[in-house]
Amino acid sequence: MLEFIIYKSIICTIIFVVSLGIAAYSTWWERKFAGLLQDRWGPSRAGIWGLLQPLADGGKMLFKEEIIPNVSNKFLFVLAPGLFIVTAIMAGVLIPWGPSVKIGETLYALQVSDINVGVIFLLGVTSIGVYGIMIGGWASNNKYSLLGAIRASAQMISYELAMGIALIALIITAGGTLSFSEIVAAQDKGVANIVWQPLGFIIFFICALAETNRAPFDLAECETELVGGYHTEYSAFKLGLFLFAEYINMFVSSAVMAGFYFGGYNFPFAHELYQAMGLQEGSWLISLIGFGAYFTKTLIFISVFMWIRWTIPRFRYDQLMNLGWKSLLPLSLLNLLITVIVEYFRGNINL
Amino acid sequence: MQLTKRSIVVSNKEQSFAEKIYFPAIIKGMAITFSHLFKKRPTIMYPEVKRQYSDVYRGQHILKLDENGAERCTSCGMCAVACPAEAIIMESAERKKGEEHLYREEKYAKTYEINMLRCIFCGLCEDACPKEAIFLTDRIVDAEYERDTFIYGKDKLVEKIDKRIDVTKRQTPEVLEFKKLPGLKHNELYQKKLNKEKH
C-alpha cells in the first residue's frame, strides 16, 4: 500500500510539474513561433532565445495589482480561475505517457489513473472546464465578460456533440474500449487510428480547437470585439491562471489527439528497434523512448495549434454555429456510419 | 474602369464546393505562413548591432568649449532666430571679472535650453552660429519618462571639460566646403531667384 502511494505521488508530481512547465514554455513558444511566422524574432532578451521569458511573465503577473470589481460576486469571481485551471490539469491524469516500467517484479504504468471509462471522463472534465469561463464571465458583472461567457458556453455545447460522436467512431475502431491506455495499446500491433479515422480526426481536431478556445474559435476572448471577453475584469495572477489554463488545455488536447489518433507512445518499427537494441519488455529504456515519441507528437500538435492561430482569422459567431451544427455534426454522423460499415467488413463488429 | 492591375472584381456568385469547405484556402494560407519561417528578418538587434548611420547624421546638440575650456557661446541668439521649430530659449548675462576662464566673450548665456521634443534636428542652429559654439553630434537623444526632462539645459548641453566630444565626424569635406560659402548656398540661390524676378 505504501509503495502504491509513493508511486502514485511521484507520478502525480511529475505530471503536474510537467504540465505546468509545458504550459509556461508554450507561452514562450507561442510568442517565438508567432514572431518567426511574421518575419520577426520573437522574445530574445530574457536569457538566450528569450528562454527566461515565462519566468519574467509569471513574475509580472504575480506582482501586479490585483483588482476585484466591487460590483462583482467576489466568491465566484475568485473561484472561477481556480476551477478553470483545476479542470484543465485534471484531464491530464488519463494520459499514458509511455510503456510500463518494470521495477522489481511489478509493472508500473506511466499514467496517473487508468480509468476504464477514460473517454467519458475526458469529455466530462473538459465540459466542466467551461464552468470556469462561465462563472468568471458572469461574476465579473460586466457586459463584455458576460457576452464572452455566453459565447464560450454555446460554443462548448455545439462542439461537444460532434466531438463525442467522432470519439464513438474512434472507440469502435479501437475495439470497443473506453480506457485511454487500451486505446493507445491497441495501436501497438497494427496501424495508428488515423488510417481508419481520417475524417474523424479532422472533426476531432476542429472540435479540439473550439474546446480549447483557440483561434480561429477564440470568440470567448475575442479581444477585437469584447475587450478581453470573459477575463476582461481579471487582473494579476487570476488573469495569469486563466491564460495558463488555456495552455494546459492545449497541451492536454494535443496529448489526447496524439494518443487517440497517432498511436501515442507507439511508432513505426518500434518493436524491431527494441529487438535490435536487445531490450526486454518493461525496460526503462523502452519507456523512455516511448515517452519521447509521445512527447514529440504532442509538441508537434501544440505547434500546429499555434500555426493555425497565426494563420486563420477568427470566425464570426454565426459562422461558428453553422460550422458546428450544420457541417460537423452531420459529418460526424456520416463518419460513424462509414466506420460501422468498414469495421463490419474488417470483422471487428459481429451482428 | 480598371485603376490598377491588382484590383479584383467583386461578385456575389455562389461559392464553389472547394471554397465552401474552407480547407484548400486554409492549407494555402498555412503554407504561406510556413514559408515565412525561412524568410530573412529585417530586425536589427539594437544595442548589440547598430544600423549604419549617415556620416552627416544630426543627433543631440552640444555647446562647445574652446581650447582653454571657456564657453564659446556668446548668447547672440542667432540659433534661436534660425530655429524653425522655436525650440531654443536663452538668457544672457555679463561676464564678471575673474570669470575669463569660464566664458570667452564678455557676454554669455546664463541659461540655454533646447526642447528636444520640439527640435527637428535640422541643424540650422549650427549653420547660424557665428562663434562655432553649437554643433549637432552623432549621439542619439535618450528616451525620458517625463516631458519636462526633455528640455535640456546647460547642464546637459555644455561639453564637459574632461570629456570632450568630437564634432569633427560630421564635418566631412563637403560640409566644410559648404560652410565656406559667404552666406549659405540656399540663401544664395534664393537671392538669385529674387533677382531674376526683379528684372
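Residues numbered from 1 in each chain as written. Chains lettered and ligands numbered in written order. Predicted model: local features only at pLDDT ≥ 70, side-chain atom pairs only at ≥ 80, totals over all residues.

Student: Any chance you could explain the overall build of chain B here in plain terms?
Tutor: Broken down by element type, chain B carries seven helices and five strands. Sequence-ordered secondary structure for chain B, helices as α and strands as β, is α-α-β-α-β-β-α-β-β-α-α-α. Counting only residues that meet the buried cut, chain B has 13% of its 199 residues in that class. By sequence separation, contacts in chain B at least 24 residues apart represent 74% of the contacts at least 6 residues apart. (Helix = DSSP H or I, 4+ residues; strand = E, 2+ residues; numbered from the N terminus. Buried ≥ 20, exposed ≤ 12 C-beta atoms within 10 Å, placed from the backbone. Contact = placed C-beta atoms within 7 Å.)

Student: Honestly, the overall build of chain A in this entry has me stumped. Any pointers?
Tutor: Looking only at helices and strands, one finds 12 helices and two strands in chain A. Sequence-ordered secondary structure for chain A, helices as α and strands as β, is α-α-α-β-β-α-α-α-α-α-α-α-α-α. Here the C-alpha radius of gyration of chain A, 21 Å, is about what a compact globule of 351 residues would show, namely 20 Å. C-alpha atoms of chain A, sized along the principal axes, occupy 60 × 50 × 45 Å. Sequence-distant contacts in chain A: of pairs separated by 6 or more residues, those separated by 24 or more amount to 79%. (Rg over C-alpha atoms; globule rule 2.2 N^0.38 Å.)

Student: Explanation requested: the environment of Gly132(A) in the structure shown.
Tutor: Position of Gly132(A) among the secondary structure elements: in helix α4 (residues 118-139). Taking the C-alpha atoms as reference points, Gly132(A) and Leu79(A), 53 residues apart in sequence, are found 7.9 Å from one another.

Student: How do you make sense of the interface of chain B and chain A when you look at a structure like this?
Tutor: Reports often express the size of an interface as the amount of accessible area lost when the parts come together. With 10 residues of chain B at the contact, the number on the chain A side is 10 residues. Residues belonging to the side of chain B that touches chain A are distributed by class as follows: four nonpolar, four polar and two charged. (Nonpolar A, V, L, I, M, F, W, Y, C, P; charged D, E, K, R; others polar.)

Student: Explain helix α2 (residues 23-35) of chain B to me, please; I cannot follow it from the model alone.
Tutor: Residues spaced three or four apart along an α-helix point in a common direction, a consequence of the helix completing one turn every 3.6 residues. The end-to-end C-alpha separation of α2(B) is 18 Å, in line with the 18 Å expected for 13 residues at 1.5 Å each. Of all 13 residues in α2(B), zero are buried; the element is thus mostly exposed. (Expected span 1.5 Å × (residues − 1).)

Student: In this structure, what is going on with the nonpolar core? I would like to understand it.
Tutor: Nonpolar side chains in soluble globular proteins generally cluster together in the buried interior. Grouped together as the largest cluster of nonpolar side chains are 88 residues, with contacts concentrated most on Phe84(A), Ala166(A), Cys207(A), Ile248(A), Phe251(A) and Met257(A). Ranked by the residues each element gives to this core, the list is headed by helix α9 (residues 236-261) of chain A, at 15 residues. Residue contacts for Met257(A): discarding those within four places in its chain leaves Phe204(A), Phe205(A), Ala208(A), Phe262(A) and Phe301(A). Counting residues in each nonpolar core, the second largest holds 19 residues, with Cys83(B), Tyr103(B), Ala109(B) and Phe135(B) among its members. (Core = buried A, V, L, I, M, F, W, Y, C linked by C-beta atoms within 7 Å.)

Student: For this particular structure, what's the right way to read the sheet that holds strand β3 (residues 107-115) of chain B?
Tutor: Picture the strands of a sheet paired through backbone hydrogen bonds; they go either parallel or antiparallel. All names here are of chain B. Taken together, the three strands give an open sheet; going across it, the order is β2-β3-β5, and neighbouring strands pair in antiparallel fashion. Because the sheet does not close on itself, it has two edges, and the strands there are β2 (88-94) and β5 (151-152). When β2 meets β3, the two strands line up antiparallel, connected through seven bridges. Within β3, the position partnered with Ala93 by the bridge is Tyr108. (Pairing = 2+ DSSP bridges.)

Student: Just to check I follow, could you spell out the pairing of β3(B) for this structure?
Tutor: Every other side chain in a regular strand lies on the same face of the sheet, so the side chains alternate between the two faces. Two strands pair when backbone bridges link them, and β3(B) and β5(B) are joined in this way by two bridges, in the antiparallel orientation. Counted as the bridge partner of Ile114(B) is Tyr152(B) from β5(B).

Student: Would you mind showing me how to read helix α1 (residues 2-37) of chain A here?
Tutor: Residues and elements named next belong to chain A. Along its 36 residues, α1 runs 50 Å from first to last C-alpha, staying within 8% of the 52 Å computed at 1.5 Å per residue. Of the positions making up α1, those classed as buried are Ser19, Ile22, Ala23, Ser26, Trp28, Trp29, Lys32, Phe33, Leu36 and Leu37. At the C-terminal side of α1, Asp39 shows a positive phi close to 60°.

Student: It is not clear to me how the packing of α1(A) against α9(A) should be interpreted in this structure. Could you clarify?
Tutor: Each packed pair of helices is defined by two parameters, the angle between the axes and the distance between the axes. Residues and elements named next belong to chain A. At a closest axis distance of 8 Å, the pairing of α1 and α9 adopts a crossing angle of 110°. Taken together, the axes of α1 and α9 lie roughly perpendicular to each other. Contacts from Ser19, Ile22, Ala23, Ser26 and Thr27 of α1 reach α9 at Phe244, Tyr247, Ile248, Met250 and Phe251. For the contact of α1 with α9, the residue count by class is seven nonpolar, three polar and no charged. (Axes fitted to C-alpha atoms, helices over the stretch in contact; angles between N-to-C directions. Parallel < 35°, antiparallel > 145°, perpendicular 65-115°, else oblique.)

Student: What am I meant to see in the packing of helix α5 (residues 143-173) of chain A against helix α12 (residues 317-346) of chain A here?
Tutor: Residue and element names in this part refer to chain A. Where α5 contacts α12, the two axes come as close as 8 Å, and the packing angle between them is 10°. On the basis of the axis angle, α5 is roughly parallel to α12. Across the contact of α5 with α12, the residue classes tally to 17 nonpolar, seven polar and two charged.

Student: Explain unusual backbone geometry here, please?
Tutor: Excluding glycine, residues mostly have negative phi values, and the peptide bonds linking residues are mostly trans. All names here are of chain A. At Trp49, a residue that is not glycine, the phi angle is positive and equals roughly 55°. For Trp49, the location among the structural elements is in the loop between α1 and α2 (53-63). Phi is positive for Ala236, close to 55°, though the residue is something other than glycine. Structurally, the position occupied by Ala236 is in helix α9. On the neighbour-count criterion, Ala236 (16 C-beta atoms within 10 Å) is partly exposed.

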